[in-house]
Amino acid sequence: MIWGTTYLGIRVAVESIPAWYVTAIRQTIASLIILIILIKQKELKWIGWSSFKRQILLSILMVVIANGMTTVAEKTIPSGLTSLINATSPLLVFLGCVFLGIQKASLKGFIGVFIGFLGIVFIFRDGISDLLDPGYRNGILSLVIAVSGWTIGTIYSKKHSAKPQYIFLNLFYQFVFSAIVQFGLAIIFSGKANVNSWKTESIFATVYLAIFGSVLGYFCYHYALKRVSASEVSILTYFNTVIAIFLGWLILNEHVDLDLIVATVLIIAGVFITNYRKKVPAEAIAKN
C-alpha cells in the first residue's frame, strides 16, 4: 500500500527537483536512518566480500536501475501509467523463474502472462503516435529498463535468500552504494544542483520517499522474498497499481480513460492468474 503512494510522491518530487537528485537524496536519507538503527541495535558490521558483491549487484538492479529509471520516467510519464507498466514485472518474474528452473511452468501461468500483456496492448492501442514525442518515448524506454532491472533483481534475490536476518544491514550497503552512484549520475545529467528552485512540496515528497518508500518498503519487500516465492511476493501489484492510479487521478488530475481501466483489469487479472495457487489442505500434506 505504501509503495502505491510512492508513485505520487515521485511525481511531486520531480516537479522541481531533477530526477537523479531525487533518487540520490532519497537513498542518502534512507542510508542515514538505517545506519542509526544498526548502531542502536549494535548490528553494524562488515558483511564480507562475497555478500558485499551480492548487495552491490542488487543495488545496481533494484535501486540504481529500477528505482532510478522509474523516477526519471515520471518526469514525462503520469504516475498512474508508470505504476501500471511496472505492474507487468510479476509476469516477467514468472517467465524468468520458469526459464531458470526456479519454479515449474504451467498452462495457467502462461495464460496469465498472455492476459497481462493484452493489457499492455490496450495501453498503447491508440497511443503509438505518442511515442513520436521524445519526452514520452524516453519515459517509456526508462520504464522498460526499470522493469527489467526489478525483474532480474527479484529473481536474483529469491535465488540467494539464505540469510534473512541481515535485511537491514544488506539494505544499508545497497542504499549507500546507490546514493554514491546516483549522485554521480545527477551531476552528469543535471549539473550542479540549484537548490533555490526546489519547491517545498518536492523536498517533503523526497523525504517521504526515503522513509516510507525506501526504508519501510524495501525492508518489507526483501523480508517477504525470504518467506515465499518471488511470484507470490509480486501480489503487491494488486494494491499499488490501483492506489497509484487513484491518487494520480484524485490529486494530480491525471487522465483516466476506459483503455487505461481495461488495461489495469487485464494486467492485474494476468498477475493473479499467474500467481494463484490452491491451498493444499493440511490433511493432504500430512498424508504425503
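Further up the page is the structure itself.
Not measured: the values here are computed from a predicted model.

All right, on to the overall build of the protein chain then. Each helix and strand in the protein chain was counted, giving 13 helices and zero strands. Along the protein chain, helices (α) and strands (β) appear in the sequence α-α-α-α-α-α-α-α-α-α-α-α-α when read from the amino end. Summarising the internal contacts of the protein chain: among those between residues at least 6 apart in sequence, 90% fall at separations of at least 24. As displayed, the protein chain offers around 14,400 Å² of accessible surface, 70% of which is attributable to carbon and sulfur atoms.

What follows concerns the pattern of salt bridges. Counting across every chain of the model gives one salt bridge. Glu15 is paired through a salt bridge with Lys199; the nearest N and O atoms lie 2.9 Å apart. Pair noted here: Glu15 is in the loop between α1 (2-13) and α2 (19-40) and Lys199 is in the loop between α8 (167-190) and α9 (200-227), with a separation of 184 residues, a long-range link. Under the relative-accessibility criterion, Glu15 is labelled partly exposed at 45%. Owing to a relative accessible area of 36%, Lys199 belongs among the partly exposed residues under this scheme.

Moving on to the side chain of Thr206. Looking at the secondary structure, you find Thr206 in helix α9. On the basis of relative accessible area, Thr206 is assigned to the buried category, the value being 3%. Residues within four places of Thr206 in sequence aside, it is in contact with Ala13, Ile17, Val22, Ile25 and Arg26.

Our focus in this paragraph is the environment of Leu143. The residue Leu143 is located in helix α7 (residues 134-159) in this model. Taking relative accessible area as the criterion, Leu143 reaches 0% and is therefore assigned buried. On a C-alpha basis, the gap between Leu143 and Glu74 in space is 8.9 Å, while along the polypeptide they are 69 residues apart. Among all residues touching Leu143, those that are not within four sequence positions of it are Thr70, Ala73, Ile77, Thr82, Ile85 and Asn86.

The next point concerns the nonpolar core. By size, the foremost hydrophobic cluster in this structure holds 24 residues, and its most contacted members are Ile34, Trp150, Phe175, Tyr218 and Tyr221. Mapped by element, the contributors of at least two residues to this core are α2, α3 (49-73), α7, α8 and α9. Among the elements that take part in this core, α8 stands out by supplying seven residues, more than any other. Setting aside its immediate chain neighbours within four residues, Phe175 contacts Gln27, Ala30, Ser31, Ile34, Val63, Ser214, Val215 and Tyr218. If you look at the next biggest cluster of nonpolar residues, it comprises 19 residues, including Val14, Trp20, Ala186 and Leu247.

Here the focus is a nonpolar patch on the surface. Together, Ile203, Val207, Ile211, Phe212 and Leu216 make up an exposed nonpolar region whose accessible area comes to about 350 Å². Along the polypeptide, Leu216 turns up in helix α9. With a relative accessible area of 35%, Leu216 lands in the partly exposed category.

The rules we used
- Residues numbered from 1 in each chain as written.
- Predicted model: local features only at pLDDT ≥ 70, side-chain atom pairs only at ≥ 80, totals over all residues.
- Heavy atoms only, no water.
- Helix = DSSP H or I, 4+ residues; strand = E, 2+ residues; numbered from the N terminus.
- Contact = heavy atoms within 4.5 Å.
- Areas by Shrake-Rupley, 256 points an atom, 1.4 Å probe, with all protein chains shown as cover.
- Salt bridge = Lys/Arg side-chain N within 4 Å of Asp/Glu carboxyl O.
- Buried < 20%, exposed > 50% of the residue type's maximum accessible area, 1.4 Å probe, protein only.
- Core = buried A, V, L, I, M, F, W, Y, C linked by side-chain atoms within 4.5 Å.
- Patch = residues over 30% accessible without salt bridge, like charges linked within 9 Å, V, L, I, M, F, W, Y side chains within 5 Å.

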